[in-house]
Every structure is written in C-alpha cells, then in structure tokens.
Amino acid sequence: MSNFLSSSIGKKVIMSLSGLFLIAFLCVHLTLNLFLIFDNSGELFNHGANFMATNPVIKIVEPILAIGFIIHIIWASILTLQNQKARPIKYAQRNQSQNATWASRNMYILGGLVLVFLVIHIYNFWWNIKVTGNLEAVVVDGVEMENTYLLVSSLFKSSIVYCGLYIAGAILLGLHLTHGFWSAFQSIGFSNDIWRKRLSALGYIFAVIIAVGFSIIPLYFMAGLGN
C-alpha cells in the first residue's frame, strides 16, 4: 500500500479522489449560498446555515473536508515539483498550446490563487461564525440561531473590494475546474477517447455553473436587491 501511495499513479489517484470530494462540496456549498438570493428575508439561508452548523453528520464531515483540502494541496505541490524535475529543460520551440489548454498548463498557479481567495473567505466568514462567535441572534420559526445572513449580506453590501475578490475567486475556481474536473475522472479509469470528450464537455459546463453561480451572489447585493 505504501508503495502505491508513493508512486506517481498513487499520487494521481489521491489527487483525483480528493478533487472529486471537493467537487461534491462545491455543489453543496453553492446550493446553500444561492439561498441568499432566493429569499430576501434571510430565513432560508439562516435555516440552511444553522443545519450545517448543528447537524452531527456535518460536524464529522467538516474536518474530513479540511483534511481533503490539505491533501489536495500537498499532493498537487508534490506532483508539480516531480514534473518539473522530470522535465528540467524547457523547449522554447514547442508550442504547448497546441497540446494542452491554458488552464491545464497553469493548474498549480490557478490552484494557488484559489487558495489565497479561500484563506480570505475563511477569515471573513468561517472565522467569524465558528471562532469569534459574536454574531447577532435571530429567531426563525421559533428556533433561535445565528444571523449568518446578516454577516454575509453586510459584507457584500459594504465592500465593493471584497465583491470583486469574490467574483475573481469564482472565475479562477471555474478555470481550475475546466481541467480538474475531467482530469479527476481520468485518473481513476475514465481515460478512453469517448469518455474524455464527454467529461471534458461536462467539466466546462460544471465550471461555468460554479463560476457564474458564485459570482451572481455578490452582484445581487451590489445591485441593491438583498436586504
């Protein structure tokens, strides 16, 4: 088992599995965040956020997710360094754009930029919700919970800079997914020409949904539509 994990194939499989796990998380996270624009009262989003904060299953999944992020970042760094060592000579005459997309050639850079955005995002939201614990309380349907809607909406309405960073982060994440989506499936066996084309197309669709879906949220509040 240790030999498999230390092999290049093993590292790619781990990258793929952790990547697929994060893709699933993005689907859940985007669904919850879109509650922000489906209900101006904030009750729907507060219900969702309260469920995520109090559900025992989510409490178990959350640290697993954090570990998944860490593993994905570490393995991406290891694989990138190994690839650079394996190809120390740069061929100036080779036009790489004919063989690979821009996103696939810059996955590590895109991942690093997404990580920077993630740190800022965690500081603004997760840190205030989980650590400082100074959120205003609100009663929704007879249940007292933290008013996370107020925290999120206030930041988007008060900071154009953060709205810009959030949109940029969503676009970078989308670019990262255009290659990462089908690559994750390819490394676990879906590597024939037929599935490669299908997964590549599906990856672009998923990337657009993620980028547009997350970008809509700050634009919604910038337009003055949220409470």
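My aim in this report is to walk through the structure given alongside it, one point at a time.

Scoring rules and cut-offs
Residues numbered from 1 in each chain as written. Predicted model: local features only at pLDDT ≥ 70, side-chain atom pairs only at ≥ 80, totals over all residues. Heavy atoms only, no water. Pairing = 2+ DSSP bridges. Helix = DSSP H or I, 4+ residues; strand = E, 2+ residues; numbered from the N terminus. Expected span 1.5 Å × (residues − 1). Buried < 20%, exposed > 50% of the residue type's maximum accessible area, 1.4 Å probe, protein only. Arc of directions from axis to C-beta. Contact = heavy atoms within 4.5 Å.

1. Observations concerning the pairing of strand β2 (residues 143–146)
- Of the pairings in the sheet, the one linking strand β1 (residues 137–140) to β2 comprises 4 bridges and is antiparallel in character. Bridging from a neighbouring strand, V140 pairs with V143 of β2.
- The hairpin formed by β1 and β2 contains 2 residues between the paired strands, and D141 there has a positive phi angle of roughly 55°.

2. Quick word on helix α3 (residues 43–54)
- For α3, with 12 residues, the first-to-last C-alpha span of 16 Å sits near the 16 Å given by 1.5 Å per residue.
- Turning to α3, its buried residues are F45, N46, G48 and A49. Taken down its axis, α3 places every buried residue within 165° of arc, on the same side.

3. Re the side chain of H176
- Mapped onto the elements, H176 comes out in helix α8 (residues 160–186).
- Exposure remark for H176: the relative accessible area of 17% places this residue in the buried category.
- The residues touching H176, leaving out its near neighbours within four places in the chain, are M107, L110 and G111.

Spatial relationships are all this shows, so hold off on functional conclusions.
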